[in-house]
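Structural overview for review
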Amino acid sequence: MNKQINPPENKEVYHFIEEIIREDLKSNKYNKEIHTRFPPEPNGYLHIGHAKAILLSYGLAEKYNGKFNLRFDDTNPDAEETEYVEGIINDVKWLGANWENREFFASNYFEQLYEWAEMLINKGKAYVCEQTPEQVSENRGTPQVPGKSPFRDRPIQESLNLFRKMRAGEFTENTMTLRAKIDMASPNMHMRDPIMYRIKHKHHHRTGDKWCIYPTYDWTHGQSDFIEGITHSLCTLEFENHRPLYNWYLDQLVEQGAYRPRQIEFARLNINYTVMSKRKLLRLVKEKYVNGWDDPRMPTITGLRRRGYTPQSIKTFAEKVGIAKRENVIDLSLLEYAIRDDLNKTAQRVMAVIDPLKVIITNYPKDKTEFLEAINNPEDETMGTRQVPFSKELFIEKDDFIENPPKKFFRLGIGREVRLRYAYFITCNDIVKDENGNITEIHCTYDPQSRGGKSPDGRKVKGTLHWVDAKNAIQTEVRLYDRLFIKENPEDVAENEDFINNLNPDSLITTKGFIEPFIKYAKIQDKFQFERLGYFCVDNDTTENNIIFNRTVTLKDSWAKK
């Protein structure tokens, strides 16, 4: 008798962070609830790396019925603006994350952080240092040589008095800092008496001029997590060396065995042909290499949204990338695959010609216009059909015609017959050229019996072209976006060059095209597949008299050949 073989169980696979969370829930470490957060600094717009972090933290909270906070770590008034706060809120909402009423700012906790700083001074765990930033850096030492500060053993009361005077605005910038007193010989440079407060006589976007000392990110971050009840503080690998400091600060404030958040690091998102540094993105904007943070060539969430990317495509991309412990570089083609896959199912099909060449059908009645049925999306029959006008004069793409075509060119040439999508078979008989030898018109005849693209005699044609009726077409501006950099690694440059030298001069090409009249009903951010050309969306600059389309992505990966 044959032994029955049972199919393997379809077990869900969990990444390492989820395994930690599941174990914590099982042991009831946090009273059966997890609490995550996304803590952006409002010093720029978010990019797709942040999108991955948002979707991770929010996704875990949602999956395990926990809570999710949006908290702005606004500790540096030099670089932070309300514009960035509003932009971040819009981006996080657009991605679908819901923080309910839990929107916080680190500046909410400035008073509490200050009180805790005084507590550390009183415990002999912090001191006021009068070195300049350059001296602090110089005296931090090396991995083999301990650092030093002449103010490390300053009396507690003296440090306390100076710290209060710092707060009162009695000292100028860069003259004093408050430093934690940890270990100037630590192999971890972050533990060598890190700065907790620095003097900044700057206006803060929320607290105004109330404060002239501001807490550092490292001092603020873990304590903010603690105040908000965060259980799992997820961050990228560059903060791994900061974790001992994160824990040291909590050790000074939290009783042993009591609740405390846990920092867990994962690999940040790196994508080829892209820069993800906020500093570099800001340079692209300020030096006008791009047209703002929402330029569709930027990897910012607002730029991707304007280009035509969808929240679902970014979620799909993040899922395919996964959560790793080691840094790696993801191929941009994976992101482009995700948006193609999403729009293929959801985007309305239309016909558009973006490099037009006129076709005159010589045997078609001069004043006649007929309407042909076209499918809106073959992937979703519920999207129905539309009527496409057809008359004597049409536009096709210039590269769909060659005067003397090679053998394997299956589009239009003199004496060639092709199919016009949804319409008729046409045969080219003649061409018209200008004084420079450029083709300006193609003269064709059509087969009236081939309406709908089939011939009663059963003859086959190999080429099918998209087209637009010239009489009824709507002229539009089309912005053909491509990758912003020409090299996989934009930092791969010669001596005395930087990433700017690798900008792609063809990352934006603007042209005028013609689209079937159905498009007149389009609204900003509506998404379409231009048949045979790619996916496009209506740009924000569109007006009643000028519809502008951005190319989101080509139908196929054109860079795979390069």
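Everything in this summary refers to the structure shown in the same document. (Residues numbered from 1 in each chain as written. Predicted model: local features only at pLDDT ≥ 70, side-chain atom pairs only at ≥ 80, totals over all residues. Heavy atoms only, no water.)

**A short note on the overall build of the chain**
Looking only at helices and strands, the chain has 12 helices and 25 strands in total. Here the chain has a C-alpha radius of gyration of 31 Å; the compact-globule value for 562 residues is 24 Å, and the former is much larger. Seen along its three principal axes, the alpha-carbon backbone of the chain occupies a region of about 100 × 80 × 45 Å. Every one of the 562 residues in the chain was classed for burial, and the buried ones make up 52%. Of the contacts made within the chain by residues no fewer than 6 positions apart, 71% connect residues no fewer than 24 positions apart. (Helix = DSSP H or I, 4+ residues; strand = E, 2+ residues; numbered from the N terminus. Rg over C-alpha atoms; globule rule 2.2 N^0.38 Å. Buried < 20%, exposed > 50% of the residue type's maximum accessible area, 1.4 Å probe, protein only. Contact = heavy atoms within 4.5 Å.)

**Observations regarding the side chain of S107**
For S107, the location among the structural elements is in the loop between β3 (103-105) and α4 (110-122). At 2.7 Å, the side chain of S107 forms a polar contact with the side chain of D74. If near-sequence neighbours (up to four positions away) are discounted, S107 is found in contact with D74, H204, R206 and T207. (Polar contact = N/O pair within 3.5 Å; in protein donor to acceptor, adjacent residues only side chain to side chain.)

**Regarding the side chain of Q529**
Summarising the element assignment, Q529 is placed in strand β23 (residues 527-530). In terms of polar contacts, Q529 uses its side chain to reach the side chain of Y535, at 3.1 Å. With residues near it in sequence (within four places) discarded, Q529 still touches N344, A347, Q348, R349, V350, G534, Y535 and L555.

**Regarding the sheet that holds strand β6 (residues 195-199)**
The strand order β4-β5-β6-β7 describes an open sheet built from 4 strands, whose pairing is antiparallel. The sheet is open, and its two edges are formed by β4 (126-129) and β7 (213-215), each paired on a single side. Going from strand to strand, the sheet's axes swing by 20 degrees on average, the running direction of each strand aside. Relative to strand β5 (residues 177-180), β4 runs antiparallel, the two sharing 4 bridges. Paired with Y127 across the strands is R179, a residue of β5. Sheet contacts for helix α6 (residues 156-167): β4, β5, β6 and β7; angle to β4, the most-contacted strand, approximately 60 degrees. (Pairing = 2+ DSSP bridges. Axes fitted to C-alpha atoms, helices over the stretch in contact; angles between N-to-C directions.)

**So, the pairing of strand β21 (residues 474-481)**
Among the 8 residues of β21, 6 are classified as buried, and the element is accordingly described as predominantly covered. Here β21 runs beside strand β22 (residues 508-515); their pairing, made up of 8 bridges, is antiparallel. Directly across from R479, in β22, lies its bridge partner T510. Here 3 bridges tie β21 to strand β25 (residues 548-553), and the two strands are oriented parallel to one another.

**As for empty space enclosed by the protein**
The method is simple in principle: a probe with the dimensions of a water molecule rolls over the atoms, and the space it marks as empty is what remains. Taken as a whole and assessed by the stated rule, the structure comprises 3 cavities of 30 Å³ or more. Looking at the largest cavity, its volume works out to about 230 Å³. Mapped onto the lining of the largest cavity, the elements with two or more residues apiece are α9 (278-286), α10 (301-307) and α12 (332-346). By residue number, the principal contributor to the lining of the largest cavity is α12, which donates 3 residues. A per-class count over the lining of the largest cavity returns 15 nonpolar, 1 polar and 5 charged. (1 Å grid on protein atoms, 1.4 Å probe; cavity = no way out; pocket = protein on both sides within 12 Å on 5 of 7 lines; lining within 4 Å. Points joined across faces, edges and corners; volume = space filled by probe spheres on them. Nonpolar A, V, L, I, M, F, W, Y, C, P; charged D, E, K, R; others polar.)

**Let's talk about the packing of α4 against α6**
At a closest axis distance of 9 Å, the pairing of α4 and α6 adopts a crossing angle of 160 degrees. Between α4 and α6, the crossing angle belongs to the class labelled roughly antiparallel. By crossing handedness, the relation of α4 to α6 is classed as right-handed. Touching E111, Y114, A117, E118, I121 and N122 of α4 are I156, S159, L160, F163, R164 and R167, all from α6. Classifying every residue of the contact of α4 with α6 gives 6 nonpolar, 2 polar and 4 charged. (Parallel < 35°, antiparallel > 145°, perpendicular 65-115°, else oblique. Left-handed = near helix turned anticlockwise from the far one by under 90°.)

**With respect to the sheet that holds strand β1 (residues 35-38)**
Across the sheet, 3 strands lie side by side as β1-β2-β3; this open sheet has parallel pairing. Either end of the sheet is taken by a strand with one partner, and the two such strands are β1 and β3. For this sheet, the mean inter-axis angle between neighbouring strands, taken without regard to orientation, is 35 degrees. Direction of pairing for strand β2 (residues 67-72) relative to β3: parallel, over a ladder of 3 bridges. Residue pairing in the sheet places F72 in a bridge with F105 of β3.

**Remarks on the packing of helix α1 (residues 16-26) against helix α2 (residues 48-63)**
Where α1 meets α2, the axes come as close as 12 Å, and the angle between the chain directions of the two elements is 35 degrees. Here α1 and α2 pass one another in a crossing that is right-handed. Residue-level inspection shows I17, E18 and I21 of α1 in contact with α2, the latter providing L56, L60 and K63. Looking at the contact of α1 with α2, its residues break down into 4 nonpolar, no polar and 2 charged.

**Quick notes on the packing of aromatic side chains**
Describing an aromatic ring pair means giving the distance of the ring centres and the angle of the ring planes. Counted according to the given criterion, the structure contains 26 aromatic pairs. Taking 6.1 Å as the distance between ring centres and 55 degrees as the angle between the ring planes, the aromatic pair formed by Y114 and W211 counts as tilted. Here Y114, found in helix α4, pairs with W211, found in the loop between β6 and β7; they are 97 residues apart in sequence, far enough to count as distant. Classification of Y114 as buried rests on a relative accessible area of 5%. On the accessibility criterion, W211 (4% relative accessible area) is buried. (Phe/Tyr/Trp six-rings, centres within 6.5 Å; stacked < 30°, edge-to-face > 60°.)

**Some thoughts on α2**
Spanning 16 residues, α2 covers 22 Å between terminal C-alpha atoms, matching the ideal 22 Å at 1.5 Å per step. Burial analysis of α2 places 13 of its 16 residues in the buried class, which makes it a mostly covered element. (Expected span 1.5 Å × (residues − 1).)

**Thoughts on α12**
The terminal C-alpha atoms of α12 lie 22 Å apart, and with 15 residues this matches the ideal 21 Å at 1.5 Å per residue to within 8%. Where α12 begins, the side chain of D331 points an oxygen toward the backbone nitrogen of S333, at a separation of 2.9 Å.

**Let's talk about the environment of N546**
Within the secondary structure, N546 is located in the loop between β24 (534-538) and β25. Separated by 339 residues in the primary sequence, N546 and T207 place their C-alpha atoms 43 Å from one another. Not counting the four nearest positions on each side in its chain, N546 is found in contact with E477 and K512.

Read these as layout, nothing more, since geometry by itself doesn't imply function.
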